[in-house]
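So you can see what is in the structure, the chains are spelled out below.
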Amino acid sequence: RKIKLIHVYCRIVLLYCLFEKRTTLSLSLSPSRQQALYNRKFFLRRVAEGTLLSTAVITDQAEAAITNTRIYAPKPKSLEGKVIIITGATTGLGLESAKRLAAAGATTILTARTEEKGVNAVNKVKTHLSERSITNIDNLFSITLNLDDLESVKTFSQRYVEKLGRNTKISVLMNNAGVAGIPQRELTKDGYERTFQSNHLGPFLLTAKLFPYLDRANGARVINVSSKLHSFAAAVGGKLGLSETLENLNGEVEYNADGWQAYSLSKLENILFTQELQRRSEGLDWFSTFSLHPGVVGTDIWRNTYVAKKEQQNLSSSSIQSIASNLFYGSTISIEEGANTQIYLSCINNNEAKRVKGLYFGEDRQPRKLETFANDSNIAKLLWERSEALTGVEFKVE
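Peer 1: Go over the overall build of the chain, please, and point to the residues and values.
Peer 2: Of regular secondary structure, the chain possesses 15 helices and 7 strands. When each of the 398 residues of the chain is scored for burial, the buried share is 55%. For the chain, the exposed surface amounts to about 18,300 Å²; the carbon and sulfur share of it is 51%.

Peer 1: Can you tell me about the pattern of salt bridges, naming the residues and giving the values?
Peer 2: Applying the stated criterion across every chain, the model contains 12 salt bridges. Lys-357 serves as the salt-bridge partner of Glu-282, at 3.7 Å between the closest nitrogen and oxygen. Taken as a pair, Glu-282 in the loop between helix 9 (260-280) and strand 6 (287-292) and Lys-357 in the loop between helix 14 (350-355) and strand 7 (360-361) lie far apart in primary sequence, 75 residues in all.

Peer 1: Give a description of the nonpolar core that names residues and reports values.
Peer 2: In terms of nonpolar packing, the biggest core is built from 52 residues, with Tyr-160, Phe-211, Leu-242, Leu-277 and Phe-395 touching the most fellow members. The element contributing the most residues to this core is helix 8 (residues 194-210), with 7 residues. Sequence-distant contacts of Phe-211, that is, excluding residues within four places in its chain, are made with Arg-216, Leu-277, Leu-284, Trp-286, Phe-287, Phe-395, Lys-396, Val-397 and Glu-398. Ile-84, Ala-121, Val-225 and Val-356 belong to the second-largest nonpolar core, a separate cluster that totals 34 residues.

Peer 1: For the packing of helix 8 against helix 15 (residues 377-391), give the residues involved together with the corresponding values.
Peer 2: Across the interface, helix 8 lies against helix 15 with an axial gap of 10 Å and an inter-helix angle of 90 degrees. Classified by the interaxial angle, the pair formed by helix 8 and helix 15 is roughly perpendicular. Contacts between helix 8 and helix 15 involve Phe-196, His-200, Leu-201, Phe-204 and Leu-205 from the former and Leu-383, Trp-384, Ser-387, Glu-388, Leu-390 and Thr-391 from the latter. Residues that form the contact of helix 8 with helix 15 fall into these classes: 7 nonpolar, 3 polar and 1 charged.

Peer 1: How would you explain the sheet that holds strand 3 (residues 140-144) if you had to name every residue and give the values?
Peer 2: One open sheet holds the 7 strands; their spatial order is 3-2-1-4-5-6-7, and the pairing between them is parallel. Each end of this open sheet is capped by a strand with a single partner; those strands are strand 3 and strand 7. Those strands touched by helix 9 are strand 5 (220-225), strand 6 and strand 7, and its axis lies near 160 degrees from that of strand 6.

Peer 1: So, the environment of Ala-233: which residues are in play, and what are the values?
Peer 2: The residue Ala-233 is located in the loop between strand 5 and helix 9 in this model. By relative accessible area, which is 0% here, Ala-233 ends up buried. Sequence separation between Ala-233 and Leu-265 is 32 residues; the distance between their C-alpha atoms is 4.7 Å. If sequence neighbours within four positions are ignored, Ala-233 has contacts with Lys-239, Leu-240, Gly-241, Ser-264, Leu-265 and Leu-268.

Peer 1: Let's hear about the pairing of strand 6: which residues, and what values?
Peer 2: Within strand 6, 6 of the 6 residues are buried, which leaves it mostly tucked inside the rest of the structure. Because side chains alternate across strand 6, one face comprises the buried residues Phe-287, Thr-289 and Ser-291, and the other comprises Ser-288, Phe-290 and Leu-292, equally buried. As paired elements, strand 5 and strand 6 share 6 bridges and run parallel to each other. Note that in strand 6 the partner of Arg-221 across the bridge is Ser-288. Considered for its hand, the β-α-β crossover made up of strand 5, helix 9 and strand 6 is right-handed. Pairing geometry for strand 6 and strand 7, over 2 bridges, is parallel. Its bridge partner being in strand 7, Leu-292 is matched across the sheet by Phe-361.

Peer 1: Mind laying out the packing of aromatic side chains, listing which residues take part and the relevant values?
Peer 2: For the coordinates displayed, the defined rule picks out 13 aromatic pairs. Both rings, one in Phe-204 and one in Trp-384, keep their centres 5.2 Å apart while their planes meet at 85 degrees; by these two values the pair is edge-to-face. Within this pair, whereas Phe-204 is found in helix 8, its partner Trp-384 is found in helix 15, the two being separated by 180 residues in sequence. Exposure class is identical for Phe-204 and Trp-384. Each is buried. Taken together, a centroid distance of 5.9 Å and an interplanar angle of 40 degrees make the contact between Phe-273 and Trp-384 tilted. Of this pair, Phe-273 sits in helix 9 while Trp-384 sits in helix 15, and the two are 111 residues apart along the sequence. Assessed through its relative accessible area of 4%, Phe-273 is described here as buried. Residue classification places Trp-384 among the buried positions, given a relative accessible area of 2%. Among the aromatic residues, those joined into a ring-pair cluster are Phe-204, Phe-211, Phe-273, Trp-286, Phe-287, Trp-384 and Phe-395. Lying over the aromatic face of Tyr-344, Arg-365 brings its terminal NZ or CZ to 5.7 Å of the ring centre.

Reading the values: the criteria
- Every chain is numbered on its own, with residues counted from 1 as its sequence reads.
- Reporting of local features is limited, given that this is a predicted model, to residues whose pLDDT is at least 70; pairs of side-chain atoms are given and counted only at 80 or more, and all residues count toward the totals for whole chains, interfaces and linings.
- The basis for every side-chain value is the complete set of heavy atoms in the structure, and neither hydrogens nor water enter the calculation.
- A run of H or I in DSSP counts as a helix once it spans at least four residues, and a run of E counts as a strand once it spans at least two, with each numbered from the N terminus.
- We call a residue buried when its accessible area falls under 20% of the maximum for its residue type, exposed when it is over 50%, and partly exposed in between, using a 1.4 Å probe and counting protein chains only.
- Surface accessibility follows the Shrake-Rupley procedure with a 1.4 Å probe radius. Residue values consider only the protein chains on display as shielding.
- A pairing counts as a salt bridge when a side-chain nitrogen of Lys or Arg comes within 4 Å of a carboxyl oxygen of Asp or Glu.
- As used in this record, nonpolar core signifies buried Ala, Val, Leu, Ile, Met, Phe, Trp, Tyr and Cys residues forming a set joined through side-chain atoms within 4.5 Å.
- We call two residues in contact whenever any of their non-hydrogen atoms come within 4.5 Å of each other.
- Between N-to-C directions, angles span 0 to 180 degrees; the directions come from axes that are lines fitted to C-alpha atoms, helices contributing only their stretch in contact.
- Note on terminology: angles under 35 degrees are roughly parallel, angles over 145 are roughly antiparallel, angles of 65 to 115 are roughly perpendicular, and the others are oblique.
- Classification used: nonpolar for Ala, Val, Leu, Ile, Met, Phe, Trp, Tyr, Cys and Pro, charged for Asp, Glu, Lys and Arg, polar for all others including Gly.
- Pairing between strands is defined by DSSP: at least two bridges between them are needed.
- Crossovers are described as right-handed under a simple rule: with the strands pointing away from the observer, the path leading from the first strand over the helix to the second runs clockwise.
- Aromatic rings from Phe, Tyr and Trp, taking only the six-membered ring of Trp, are treated as a pair when their centres fall within 6.5 Å; an angle between ring planes under 30 degrees marks them as stacked, one over 60 as edge-to-face, and anything in between as tilted.
- Charge-over-ring placement is defined geometrically: NZ (Lys) or CZ (Arg) within 6 Å of the ring centre, and within 35 degrees of the ring normal.

The structure is reproduced here in C-alpha cells:
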C-alpha cells in the first residue's frame, strides 16, 4: 500500500513538472489563459505536497493500513430490521454498499436519477444475493432522486412514504452521491453551480426532509461521504477553507482547476455540515452522524475528468490522455475496498456510534484528525444558515 502511494506521488509530481514546462512555453498567451494555467499548476503542486505528506505519515502505520483495508462485510442477518437509504446507488461505492448491506439483511433503498437505472441497480443487487444463496430479496427498493433538481429532493420523502409507508423508520441515510471534475462551470435548473448543489446543497436538503422519518426508537445515523481533497479547499485568494462571507460557494467569483476547486470546497462543506448537524443534535441520544474519506477509488465519479476511462472519452489507446487514465486507474483502490468505511459506519452498534459521533473517518475505518479550517464551528454555522436560505427550508433538528 505504501508503494502504491509513492507511485501516485511520483506521477503527480511528473504532471506538475509538465505543467511547469508548459507554462514557461506559454508566456504569449492571454492574461486570462496564463491565470488558468497558474491555477492548475498551483492545484497540482498542492496535491503533490499533500500526497508526499500522506506517504510520510503512513510509513509507520503500513502494517495496520494493510490489515484495515481488507473487505469489510457485516455478518449475515445482523442488519435485519434496519432500513438504509443510499443515494447514488446505481454504480460504484453506492451499489457496492447496497450489495453488502442487503446481504446482511437490511431493507435497502437505492436512489437513482431515473426509474430504469433504479430497477437495473436493484436487479444487480438481487443477482449478488442469489449468487450467495440469499433468498430474501424482497426488501430491495429503488426511488428516483435527482440532486440537481431541488424539487425532486423536496418531494423524495413523499415517494419514500408511498413506497414503504409512513411508519417505516430510517436507520441509516447514506449521502453517497456526488459529481467531480466538471471542466466548465455548469448551473442546475435551480441556478446553482452543479458541484455545489449535487455534493452539498442537495444532500443538506434531503437530510432535512428525511430527518422526521429517522428511527428515534432504535437509533439512526447520517453518513456523509466526503474526500481527503477537502484539504485543498481554498477560498478566493488562496486561503484554505471557507471565508466568513462564504463567497464563491456557487463558483460565481472563480471556477478553477477544471472543477476540482469546486469539488474540494464541496467535500469540505460535507464535513462542516456533519459537524454542525452533530452539534445541533446534542441531547438526542438516538442520533449520530459521520463524514468519511473512502480512499481514491476507481469509480465513475472521474468520468468528467482528464483521467476518465478510455470508453468514456472515445480515446485511442495510444493517446496521452489514455495513458494518463491507465496510470490513474492502476493506482486506485478497488470499489470493494473503497466502500469499507461507509458500510462499517452503517453497521456499528449504537454505543459505538455515540462514542465516535461527529468524527471524520479515513479509508482504514479509523477516525482522522482534521485541519483547523475543517473544524471551524463558526463557519459551519454560517454554512448551515446559508444552506437553509438557498433551499428555502428550515432544518429542524428535533
